[in-house]
Amino acid sequence: MIQTYTPTHAGSLSARKPLHYMSDESQNTRSRARICPTGWAKDNGDASALVDVSDELNCDEFAFASSYNSGGMSAAEGGLNPAVLPGSTTPTGNACIGTYAKKLGTAVHLFSINGTDPTFKEVCGRSSMSGMHNKESMGGNFGTFMRAMRIMDKDAYWLDTRMTAGSTCLYGNATPVVCKLTAQ
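Scope of this entry: the structure provided in the associated data block. Predicted model, so just to flag it, every value in this text is computed and none were measured. Residue positions within a chain follow its written sequence, with the count starting from 1. For a predicted model such as this one, the threshold for reporting local features is a pLDDT of at least 70, and the threshold for listing and counting side-chain atom pairs is 80 or more; totals across whole chains, interfaces and linings nevertheless cover every residue. With hydrogens and water set aside, each side-chain value is computed from the structure's full complement of heavy atoms.

**What to know about the overall build of the protein**
Helical segments are the DSSP runs of H or I of at least four residues, strand segments are the runs of E of at least two, and each set is numbered from the N terminus. Regarding its fold elements, the protein presents five helices and eight strands. Listing each helix as α and each strand as β along the protein from the N terminus yields α-β-α-α-β-β-β-β-α-α-β-β-β. Buried residues in the protein amount to 40% of all 184 residues. Across the protein, contacts joining residues at least 24 apart in sequence account for 66% of those joining residues at least 6 apart. With residues, only the protein chains shown are counted as cover, and all accessible areas are computed by Shrake-Rupley using a 1.4 Å probe. For the protein, the exposed area adds up to about 10,300 Å²; of that, 54% sits on carbon and sulfur atoms. Burial classes follow relative accessibility: with a 1.4 Å probe on protein chains only, a residue under 20% of its type's maximum area counts as buried, one over 50% as exposed, and anything between as partly exposed. It only takes one pair of heavy atoms within 4.5 Å for two residues to be counted as in contact.

What follows is the structure, encoded as structure tokens:
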């Protein structure tokens, strides 16, 4: 949803907006902490999204904290899409689209935090979700990809989510946000 419907289209080949790898682990950690501060997932999540009793709520951010596209990277640090609130220069997750995962029947859906609808002008997103789902989505694949492709600091790469915009993203006023994405 964030890649498709926000203006940055981070990692989208069709929009010609690559992600840019950031190799500095201390910058990754600082960027992630700005978007997903400690306790945010628990404070904003719904336990129905958890897979089992060993699972815990995680904050998942996009664009990735390990990219210069992350909303958590300030312009002074080389960030391409800093998530700053008016009157500030420090990036914060409060400037991102905020959602939480909740199970309804057998499906897990994303809901807006505090009923606030996104404007889709935000440059990033964060969501409270199952830690298992968060970790399985990239798992060991990202590290393997980076080594295999010999991606170095500031190198550009694409992220194919295998999803296409289903032509609808309805929002506003009392209308719930409904984005239909279709697997390819």
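**Notes on the pairing of strand β5 (residues 125-130)**
Along β5, six of the six residues are buried, which leaves the element largely enclosed by surrounding structure. Two strands qualify as a pair provided that DSSP identifies no fewer than 2 bridges between them. Here strand β2 (residues 57-62) pairs with β5 via six bridges, running antiparallel. Considered in β5, the bridge of Phe 62 is made with Gly 125. With four bridges connecting them, strand β3 (residues 97-104) and β5 associate as parallel partners. If you follow Thr 99 over to β5, its bridge partner there is Ser 127.

**A look at the pattern of salt bridges**
For side chains bearing opposite charge, pairing can occur when the charged atoms are close. A pairing counts as a salt bridge when a side-chain nitrogen of Lys or Arg comes within 4 Å of a carboxyl oxygen of Asp or Glu. Taken as a whole and judged by the stated rule, the model has three salt bridges. Ionic pairing is found between Arg 32 and Glu 61, a salt bridge with its closest N-O pair at 3.6 Å. Residue Arg 32 is found in helix α2 (residues 25-35), and its partner Glu 61 is found in strand β2; the two are separated by 29 residues along the sequence. Residue classification places Arg 32 among the partly exposed residues on the basis of a relative accessible area of 35%. Residue Glu 61 is classed as buried on the basis of its relative accessible area of 7%. Note that Arg 34 is salt-bridged to Glu 77, the shortest N-O span being 2.7 Å. Remark: Glu 77 occurs in the loop between β2 and β3 and Arg 34 occurs in helix α2; sequence separation between them is 43 residues.

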